[in-house]
Amino acid sequence: EDPSLERHFKGHRDAVTSVDFSLNKKQLASGSMDSCLMIWSMKPQMRAYRFVGHKDAVMCVQFSPSGHLVASGSRDKTVRLWIPSLKGESTVFKAHTATVRSVNFSSDGQSIVTASDDKTVKVWTVHRQKFLFSLSQHINWVRCARFSPDGRLIVSSSDDKTVKLWDKTSRECIHSFCEHAGFVNHVDFHPSGTCIAAAGTDSTVKLWDVRMNRLLQHYQGNSVVNSLSFHPSGNYLVTASNDSTLKILDLLEGRLLYTLHGHQGPATCVAFSRSGDLFASGGSDEQVMVWKTNFDADYGDALKTQKSGSTVDGSHHTGSEMDSGIHHKKTKTQDSGRNHEQQEVEASLANTLEHIMGQLDVLTQTVSILEQRLTLTEDKLKECLENQQKIIQNKTN
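Being a predicted model, the structure only gives us computed values, none of them experimental.

Draft legend 1. Structural detail: the packing of aromatic side chains. Under the defined criterion, the tally for this structure stands at eight aromatic pairs. Between Tyr49 and Phe51, the ring centres sit 6.2 Å apart and the planes meet at 10°, which makes this aromatic pair stacked. Centroid distance Phe272 to Phe279: 5.5 Å. Interplanar angle 65°. Geometry classified as edge-to-face. By the ring-pair criterion, three or more aromatic residues cluster together here, those being Tyr49, Phe51 and Trp82.

Next up, the structure:
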């Protein structure tokens, strides 16, 4: 089945800027230019809560990992933490000196990272609501900032056309990706933490490996990309664009899978639920839509594969094993250009390398996430082959 529209929420009085699901999928939060935060219940006939407090447009919303809090950032320069209940109480964080465009909880729920037009990225503690530190190397508005799944890195994207990778502990910029031709609207980490995806006004979506700092995939669209979200399996990416469409990209095949039309006017934001069976989108048309993912896939298997595919002890999955979690559909969009010989070569290469790659963490997930990119750098291959020679010599001695 194709993705299908499940629910339709109307209540905002201006463009929707941000959407996010709670952990249990019972609630959906949305922010809007109307200065309100809405919490929608996924149960039919349950009323929505409208939270008032921000003095200007709400630019971003996110549930905490536990779902007990919602954070929002606004054009009024503040960040608020809400308890998503009837009372709608909130506490205010003030440190930015301009519009706050992005808010994101660390996976342990202890910290928040925010990005602002004051050109800084700021990190805060949730419980004491204390401002910790600023990262300030961007030279224009910062549109988005996200923690890595393990909380050790922060990635940020800016109107200075760069994506920057930061070490949270040393607070230093480790790398700047400068390949975008336009502003970078949105960035996020792959669930494995090994790569990032960035969306830009140059109509592109780019994926980079954050260990080797190299471009892995590049999707060229025909309209500004405002937002993106990884499926929890790590195998798909959904994007929202100015041409009113949502697009689902298949990262294993490296191609466009679906184009969805629902919004009138720009699609401004999009987010998968934590389990991946739903995704929500918002648009300039003031509407929030919830879609059933309906991929021809068994999520349980896909997620199990993903988890085991990214273990730290060095055990890993080859591309062909990774594939078994997801049954690919050849869709209307375009057929995969990869032939069987290529796949066989890749599979055999993966198998040959599997025994000697135990500790080569750098290569582990590149193989499991993007099986077709077994174009590993020569020196790594040389290293592998040398290791193999040593193993053979040790055996014969």
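That was the structure; now back to the text.
Draft legend 2. Here's a closer look at the sheet that holds strand β12 (residues 121-125). What the four strands build is an open sheet, ordered β10-β11-β12-β13; its pairing is antiparallel. On the outer flanks of this sheet lie β10 (100-105) and β13 (131-135), each paired with one strand and no other. Put simply, the sheet's adjacent strands are angled 20° from each other on average, direction ignored.

Draft legend 3. The confidence of the model for the protein chain, seen in detail. Residue-level pLDDT values for the protein chain average 83, and 78% of them are 70 or greater. In the predicted structure, residues 358-377 sits below a pLDDT of 50 and forms 66 contacts with residues beyond four places in sequence or in another chain.

Draft legend 4. A look at the nonpolar core. Within the largest apolar cluster, 15 residues are counted, with the highest numbers of intra-cluster contacts made by Leu246, Ile248, Leu260 and Phe279. Looking at this core, the elements that each hand over two or more residues are β23 (236-241), β24 (245-250), β25 (255-261), β26 (267-272) and β28 (287-292).

Draft legend 5. Region of interest: the pairing of strand β19 (residues 195-200). Among the six residues of β19, six are classified as buried, and the element is accordingly described as predominantly covered. Of the two faces of β19, the one holding Cys195, Ala197 and Ala199 and the one holding Ile196, Ala198 and Gly200 are both buried throughout. Two elements, strand β18 (residues 184-189) and β19, share five bridges in a ladder whose sense is antiparallel. Across the sheet, the residue bridging to Phe189 is Ile196, located in β19.

Draft legend 6. The UniProt feature "repeat: WD" (unreviewed entry) in the protein chain, seen in detail. Summarizing the sequence annotation, UniProt attributes the feature "repeat: WD" (unreviewed entry) to residues 9-50, 51-82, 93-134, 135-176, 177-218, 225-259 and 260-292 in the numbering used throughout. As annotated, residues 225-259 has a helix share of 0% and a strand share of 66%, and its two end C-alpha atoms lie 13 Å apart. The annotated region residues 260-292 carries 0% helix and 61% strand content, and the separation between its end C-alpha atoms amounts to 12 Å.

Draft legend 7. Layout of the pattern of salt bridges. Taken as a whole and assessed by the stated rule, the structure comprises 10 salt bridges. Here Arg143 ties to Asp159 by a salt bridge, and the two come within 2.9 Å at their closest N and O atoms. Of the two residues, Arg143 sits in strand β14 (residues 142-147) while Asp159 sits in the loop between β15 (153-158) and β16 (163-167), which places them 16 residues apart along the sequence. Look at Asp159 and you get buried, because its relative accessible area is 6%. Arg211 serves as the salt-bridge partner of Asp209, at 2.8 Å between the closest nitrogen and oxygen. You can call Arg211 partly exposed: its relative accessible area is 25%.

Draft legend 8. Summary view of the sheet that holds strand β5 (residues 49-51). Read from one edge to the other, the open sheet built from four strands follows the order β2-β3-β4-β5, with strand pairing classed as antiparallel. In the strand order of this sheet, the two ends are held by β2 (16-21) and β5, each with one partner. Ignoring which end each strand starts from, the neighbouring axes of this sheet average 20° apart. Both strand β4 (residues 37-41) and β5 contribute to a ladder of three bridges, which runs antiparallel. Pairing of Met38 across the sheet is with Arg50, part of β5.

Draft legend 9. The arrangement of unusual backbone geometry in detail. Unlike most non-glycine residues, Ser35 shows phi in positive territory, near 75°. A residue is classified by how much of its surface remains accessible, and Ser35, at 17% relative accessible area, is buried. The residue Ser244 is not glycine, and still its phi comes out positive at about 80°. Relative to the elements of secondary structure, Ser244 occurs in the loop between β23 and β24. According to the relative accessible area criterion, Ser244 is buried, its value standing at 13%.

Rules behind the numbers
Residues numbered from 1 in each chain as written. Predicted model: local features only at pLDDT ≥ 70, side-chain atom pairs only at ≥ 80, totals over all residues. Heavy atoms only, no water. Phe/Tyr/Trp six-rings, centres within 6.5 Å; stacked < 30°, edge-to-face > 60°. Pairing = 2+ DSSP bridges. Helix = DSSP H or I, 4+ residues; strand = E, 2+ residues; numbered from the N terminus. Axes fitted to C-alpha atoms, helices over the stretch in contact; angles between N-to-C directions. pLDDT = per-residue confidence, 0-100. Contact = heavy atoms within 4.5 Å. Core = buried A, V, L, I, M, F, W, Y, C linked by side-chain atoms within 4.5 Å. Buried < 20%, exposed > 50% of the residue type's maximum accessible area, 1.4 Å probe, protein only. UniProt positions renumbered as here; feature names shortened; annotations may be inferred. Salt bridge = Lys/Arg side-chain N within 4 Å of Asp/Glu carboxyl O.

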